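# Fold and contact review
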Amino acid sequence: KALIHLDGLTKVFETEEVETHALSNIHLNVRKGEWVAIVGPSGSGKSTLLAVLGLLDTATRGAYMLDGRSVLDLSAADRALVRNRHIGFIFQSFNLIGDLTVFENVELPLTYRGMPAAERKQRVERALEKVGMAHRARHMPGQLSGGQQQRVAVARAVAGDPLILLADEPTGNLDSKNGEAVMQLLTELHKGGATICMVTHDPAHARVATRTVSLFDGRVVQDEQRR
Ligand code: ADP
Ligand code: ADP
């Protein structure tokens with residue numbers, strides 16, 4: 001049974017007289033524990049696919065079943081609930097909130113979900129330990145290197161035990177050393193059973209994933225399973 005099931009997913013952007021098929025009739029199944037690299041040239045639909053998978057955007061046509069539940073026909077409020085509870089995001093630009101501490105950044109999505117403070121504290125501490133940032137809990141993001149900020153962002157993404165982890169060029173703003181550290185972290189999460197969909201431009205990083213889905217003009221043109 002697929003954790004992610006896309007059936008004929010199509011996303012059309014309409015801007016004055018121009019129709020762009022950002023995604024055309026995508027059929028995709030992702031099983032629990034898979035690590036999918038999404039690759040393709042600029043404009044091929046990678047970001048749009050990740051945004052739809054993350055329920056940050058809707059589709060024009062087609063179905064998206066997440067863990068057996070149809071999620072595109074939910075109300076915007078229910079989609080936000082599913083997103084907050086079941087989807088972890090890692091962005092290229094980290095997206096930490098500058099005037100909250102590391103601890104508070106990781107805690108925020110758990111607070112949105114209404115989790116009691118004691119459980120939040122336990123989860124935040126465990127997540128920060130997992131990424132090796134427990135000793136920086138009281139720091140502000142601005143006091144951290146880019147690599148450290150991305151590790152905090154990974155902690156924020158996994159603290160709530162999401163069904164899927166979505167990463168958009170997670171190493172795109174990092175030097176190679178810090179990039180490798182983030183890839184190592186994702187490798188550990190994968191070994192721990194995480195399901196990851198990751199947009200990347202780096203062929204070496206794509207090869208670390210268990211599967212590579214290649215997009216071109218909004219279509220899946222190659223789907224290579226490695227193990
Ligand atoms: P990628 O992430 O692979 O670079 P995108 O998903 O960003 O590709 O874009 C796919 C196509 O959809 C491109 O032609 C892009 O110009 C178009 N597109 C993306 N977002 C929008 C938008 N908000 N409005 C109009 N067109 C868009
Ligand atoms: P709402 O507007 O309904 O509050 P949001 O767009 O704020 O919904 O997103 C809800 C949840 O989705 C957040 O709590 C977070 O877990 C995740 N999320 C969405 N966008 C971001 C983002 N830019 N940075 C971090 N988390 C995000």
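Residues numbered from 1 in each chain as written. Chains lettered and ligands numbered in written order. Predicted model: local features only at pLDDT ≥ 70, side-chain atom pairs only at ≥ 80, totals over all residues. Heavy atoms only, no water.

Glancing now at helix α3 (residues 102-112). Looking at α3, one finds that the buried residues are Val102, Phe103, Asn105, Val106, Glu107 and Leu110. Positive backbone phi, at 85°, marks glycine 114, one or two positions downstream of α3. (Buried < 20%, exposed > 50% of the residue type's maximum accessible area, 1.4 Å probe, protein only. Helix = DSSP H or I, 4+ residues; strand = E, 2+ residues; numbered from the N terminus.)

Applying the stated criterion across every chain, the model contains 10 salt bridges. Linking aspartate 57 and lysine 11 is a salt bridge whose minimum nitrogen-to-oxygen distance equals 3.2 Å. Here aspartate 57, found in the loop between α1 (46-53) and β4 (61-66), pairs with lysine 11, found in strand β1 (residues 4-15); they are 46 residues apart in sequence, far enough to count as distant. The exposure class of lysine 11 is buried, given its relative accessible area of 9%. A salt bridge links glutamate 125 to lysine 121; the shortest N-O distance between them is 3.0 Å. In this pair, glutamate 125 and lysine 121 both sit in helix α4 (residues 117-130), 4 residues apart, roughly one turn of the helix. In this structure, a network of salt bridges that share partners links the residues Arg31, Glu34, Arg211 and Asp223. (Salt bridge = Lys/Arg side-chain N within 4 Å of Asp/Glu carboxyl O.)

The geometry of α3 relative to α4 is characterised by a closest axis approach of 9 Å and an angle of 125° between their N-to-C directions. Between α3 and α4, the interaxial angle falls into the category oblique. Along this stretch, α3 crosses α4, giving a crossing that reads as right-handed. Of α4, the residues touching α3 (which contributes Val102, Phe103, Val106, Glu107, Leu110 and Thr111) are Arg120, Lys121, Arg123, Val124, Glu125, Ala127 and Leu128. (Axes fitted to C-alpha atoms, helices over the stretch in contact; angles between N-to-C directions. Parallel < 35°, antiparallel > 145°, perpendicular 65-115°, else oblique. Left-handed = near helix turned anticlockwise from the far one by under 90°. Contact = heavy atoms within 4.5 Å.)

So, on to the site of ligand 2. All residues adjacent to ligand 2 are Leu56, Ala80, Arg83, Asn84, Phe89, Phe91, Asn95, Pro109, Tyr112 and Arg156. In the environment of ligand 2, an oxygen atom lies 2.9 Å from a nitrogen or oxygen atom belonging to the side chain of arginine 83. Between ligand 2 and asparagine 84 there is a distance of 2.9 Å, counted from an oxygen atom to a side-chain nitrogen or oxygen. Relative to its unbound accessible surface of 540 Å², ligand 2 loses 58% to contact with the protein. By residue number, the principal contributor to the shell around ligand 2 is helix α2 (residues 76-86), which donates 3 residues. Counted by class, the shell around ligand 2 contains 6 nonpolar, 2 polar and 2 charged residues. (Near = heavy atom within 4 Å. Polar contact = N/O pair within 3.5 Å; in protein donor to acceptor, adjacent residues only side chain to side chain. Areas by Shrake-Rupley, 256 points an atom, 1.4 Å probe, with all protein chains shown as cover. Nonpolar A, V, L, I, M, F, W, Y, C, P; charged D, E, K, R; others polar.)

Right, let's talk about the sheet that holds strand β8 (residues 196-199) for a bit. The strand order across the open sheet built from 6 strands is β6-β7-β8-β3-β9-β10, with neighbouring strands paired in mixed fashion. The outermost strands of the open sheet, each flanked by one partner alone, are β6 (87-90) and β10 (219-225). Along the sheet, successive strands turn relative to each other by an average axial angle of 20°, direction set aside. Bridge count between strand β9 (residues 211-216) and β10: 6 bridges; the pairing is antiparallel. In the strand pairing of β10, phenylalanine 216 is matched with arginine 219. On the sheet, α1 packs against β3 (35-39), β6, β7 (164-168), β8 and β9 and is oriented at approximately 150° with respect to β7. (Pairing = 2+ DSSP bridges.)

Let us now look at unusual backbone geometry. Most peptide bonds take the trans configuration, and most residues that are not glycine carry a negative phi. Backbone geometry places glutamate 17, a non-glycine residue, at a positive phi of 70°. Note on glutamate 17: relative accessible area 87%, which makes it exposed. Positive phi, close to 55°, is recorded for asparagine 25, a residue that is not glycine. Here asparagine 25 lies in strand β2 (residues 18-30). In this structure asparagine 25 comes out as partly exposed when scored by relative accessible area, which is 46%.

No statement about biological role is implied by the geometric values presented.
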